[in-house]
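The chain contents come next:
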Amino acid sequence: MAVLDDAIKAYNDSIEQASSEFLSDAKQLEEEGLTTEEILLFLAAIDISTYFVQDLAASAGVGAYMIATERLLDDLPFFGATSETQLLALQNVQRSSIIRLTGTVGESIRMSISQGIANKLGTDDIADLIRRNLGRDVPRIDTIITSTLGTYQQS
């Protein structure tokens, strides 16, 4: 389904971009002369939902996901009367879920960056560590979208 594929690609692209920006920000602190301990304290103090989800490019992925969800909800065959209020409630549940997932992604990236900085890894090595940890720690977005739509259809 093209809408799903586009949403998955947009979300993954935005996570990759946000991850690169996060790593760049952390490395910039290093270039500004902060010690490893100071950078780690800074990383620990970040409100990840504000920084990663809202300030970095991850919000674009959340937006793309929500647009796709709205399109899919509009096209789903519902059995029985479904009110606009019910559809809005389903969209709000979806928004909450994708933001929570994006926060989990941000936490995984923060941990990877912290680990890489503590071990004095270079940017490329930290980027590889982020990819490996995301693959291990975070559910795939395509699985989440597919299972969520299955839940809609069952509802």
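Because the structure is a prediction, the values reported are computed rather than measured. (Residues numbered from 1 in each chain as written. Predicted model: local features only at pLDDT ≥ 70, side-chain atom pairs only at ≥ 80, totals over all residues. Heavy atoms only, no water.)

### Some thoughts on the nonpolar core
Alright, step 1. Residues Phe22, Leu43, Phe52, Ile98, Val105, Ile109 and Ile113 are the most contacted members of the largest nonpolar core, which totals 32 residues.
Alright, step 2. For this core, the elements supplying multiple residues, two or more each, are helix H1 (2-31), helix H2 (36-45), helix H3 (48-55), helix H4 (58-75), helix H5 (84-118) and helix H6 (123-137).
Alright, step 3. Counting residues per element, this core draws most heavily on H1, at eight residues.
Alright, step 4. Excluding its chain neighbours within four sequence positions, the residues that come into contact with Phe22 are Leu43, Ile46, Ile48, Tyr51, Phe52, Leu56, Gly106, Ile109, Arg110 and Ile113. (Core = buried A, V, L, I, M, F, W, Y, C linked by side-chain atoms within 4.5 Å. Buried < 20%, exposed > 50% of the residue type's maximum accessible area, 1.4 Å probe, protein only. Helix = DSSP H or I, 4+ residues; strand = E, 2+ residues; numbered from the N terminus. Contact = heavy atoms within 4.5 Å.)

### Quick word on unusual backbone geometry
Alright, step 1. Even without being glycine, Lys120 reaches a positive phi, approximately 60°.
Alright, step 2. The topology assignment puts Lys120 in the loop between H5 and H6.

### Observations regarding the layout of surface pockets
Alright, step 1. Estimated volume of the largest pocket: approximately 490 Å³.
Alright, step 2. Lining the largest pocket are 21 residues, with Asn12, Ile15, Glu16, Arg131 and Leu134 sitting closest to its centre.
Alright, step 3. Those elements giving two or more residues to the lining of the largest pocket turn out to be H1, H5, H6 and helix H7 (141-154).
Alright, step 4. Among the elements that line the lining of the largest pocket, the one with the most residues is H1, at eight residues. (1 Å grid on protein atoms, 1.4 Å probe; cavity = no way out; pocket = protein on both sides within 12 Å on 5 of 7 lines; lining within 4 Å. Points joined across faces, edges and corners; volume = space filled by probe spheres on them.)

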